[in-house]
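# Secondary and tertiary structure notes
Below, each chain spelled out in residue letters.
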Amino acid sequence: QGTIIFLNLFSKDFLLVLYNSIRLIINGSRQLISILTISFQPEITIDYAKKNFKKISNKFKFISKYTFYISSIIAIVLILFLKEPFIIWTKGNVAWNFYFFILFLVASYIEWLSIPFTAIPQSINKIEMLNKSFIFSLVIYFVILTSLFKLHAIISIPFALMTANLYFYFCARSVIKKILS
């Protein structure tokens, strides 16, 4: 939501519409991946209570694998078919920006791949292990966004998002290794 406020204050309306329209569709994909990942949480909770870390590890690998496949399929479908619905959605009033879309999709893809890393801490009621990662990734995002926006305008959003998502991905990955070791 901070990006929307930022764009509202520092850009033209068409950039806000471009960002919001693409974000809406891409975040719908994220929700699908999250729902599928969350469906494994009860099993992970039970396995954690039984101290069966091997089963948790196997479930995590399975979740990560199917998240990769589903995310890849969704990304391909969006690349092939999103332009026309976008033009219809905006009634042709906002130009399709393929470069922005691809960069935003890559940034979102990184986020989608990190979704399984939150499933285990949520399942075992230790999500606070990721608090610093969440906060620092948010700070990284806004520092990069505000630093690059005057020079790169709307393109600074996916660059900032990519960097923040990569940071979170690697931090969350190290947290999972601690839990499973």
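I will try to describe carefully the structure that is included in this document. (Residues numbered from 1 in each chain as written. Predicted model: local features only at pLDDT ≥ 70, side-chain atom pairs only at ≥ 80, totals over all residues. Heavy atoms only, no water.)

## Some details on the pattern of salt bridges
- Inspection of every chain in the model, using the stated rule, returns 3 salt bridges.
- For Glu111, the salt bridge is made with Arg30, and the minimal N-O distance between the two is 2.5 Å. One end of the pair, Glu111, is in helix H6 (residues 98-123); the other, Arg30, is in helix H2 (residues 13-38), and 81 residues separate them in sequence.
- On the accessibility criterion, Arg30 (23% relative accessible area) is partly exposed.
- For Asp47, the salt bridge identified is with Lys59, shortest N-O distance 2.5 Å. Taken together, the positions of Asp47 in helix H3 (residues 41-49) and Lys59 in helix H4 (residues 53-81) put the pair 12 residues apart, joining distant regions of the chain.
- Look at Asp47 and you get buried, because its relative accessible area is 5%. (Salt bridge = Lys/Arg side-chain N within 4 Å of Asp/Glu carboxyl O. Helix = DSSP H or I, 4+ residues; strand = E, 2+ residues; numbered from the N terminus. Buried < 20%, exposed > 50% of the residue type's maximum accessible area, 1.4 Å probe, protein only.)

## Considerations on unusual backbone geometry
- Positioned with a positive phi, Lys51 is a non-glycine residue whose angle comes to about 60 degrees.
- Within the element layout of this structure, Lys51 appears in the loop between H3 and H4.
- On the basis of relative accessibility, which here comes to 55%, the residue Lys51 falls in the exposed class.
- Even without a glycine there, the phi angle at Asn125 is positive, about 60 degrees.
- Asn125 gets classed as exposed once you look at its relative accessible area, which sits at 65%.

## Topic: a nonpolar patch on the surface
- A grouping of Ile73, Ile76, Val77, Ile79, Leu80, Phe81 and Phe98 is seen on the molecular surface, where their side chains present a nonpolar patch of about 690 Å² in accessible area.
- The leading source of residues in the nonpolar patch is H4, at 6 residues.
- Topologically, Phe81 is positioned in helix H4.
- Given a relative accessible area of 54%, Phe81 falls into the exposed group. (Patch = residues over 30% accessible without salt bridge, like charges linked within 9 Å, V, L, I, M, F, W, Y side chains within 5 Å. Areas by Shrake-Rupley, 256 points an atom, 1.4 Å probe, with all protein chains shown as cover.)

## Description of the packing of aromatic side chains
- Enumeration according to the criterion identifies 17 aromatic pairs in this entry.
- Ring centres of Phe60 and Phe117 lie 5.3 Å apart, and the angle between their planes is 50 degrees; on these two criteria the pair is classed as tilted. Here Phe60, found in helix H4, pairs with Phe117, found in helix H6; they are 57 residues apart in sequence, far enough to count as distant.
- Phe60 sits in the buried class, given a relative accessible area of 12%.
- Overall, the relative accessible area of 6% leaves Phe117 in the buried class.
- Among the aromatic residues, those joined into a ring-pair cluster are Phe60, Phe117, Tyr169 and Phe170. (Phe/Tyr/Trp six-rings, centres within 6.5 Å; stacked < 30°, edge-to-face > 60°.)

## Section: the nonpolar core
- By size, the foremost hydrophobic cluster in this structure holds 38 residues, and its most contacted members are Ile22, Phe100, Trp112, Ile154 and Ile157.
- Sorting the residues of this core by element identifies helix H1 (2-10), H2, H4, H6, helix H7 (131-152) and helix H8 (156-180) as the ones contributing at least two each.
- A total of 10 residues in this core trace back to one element, the largest contributor, which is H6.
- Not counting residues within four places of it along the chain, the set of residues in contact with Ile154 comprises Leu7, Leu15, Leu18, Tyr19, Asn97, Phe100 and Phe149.
- Grouped together as the second largest cluster of nonpolar side chains are 17 residues, Ile120, Ala172, Ile176 and Ile179 included. (Core = buried A, V, L, I, M, F, W, Y, C linked by side-chain atoms within 4.5 Å. Contact = heavy atoms within 4.5 Å.)

## Some remarks on H3
- Of all the residues in H3, the buried ones are Gln41, Ile44, Asp47 and Tyr48. Projected down its long axis, H3 carries its buried residues within an arc of 125 degrees, all on one side. Opposite its buried face, H3 presents the exposed residues Pro42 and Ala49, each directed more than 90 degrees away.
- Tucked into the core, H3 has its buried residues touching H2, H4 and H6.
- Once H3 finishes, Lys51 follows within two positions and takes phi at roughly 60 degrees, a positive value. (Arc of directions from axis to C-beta.)

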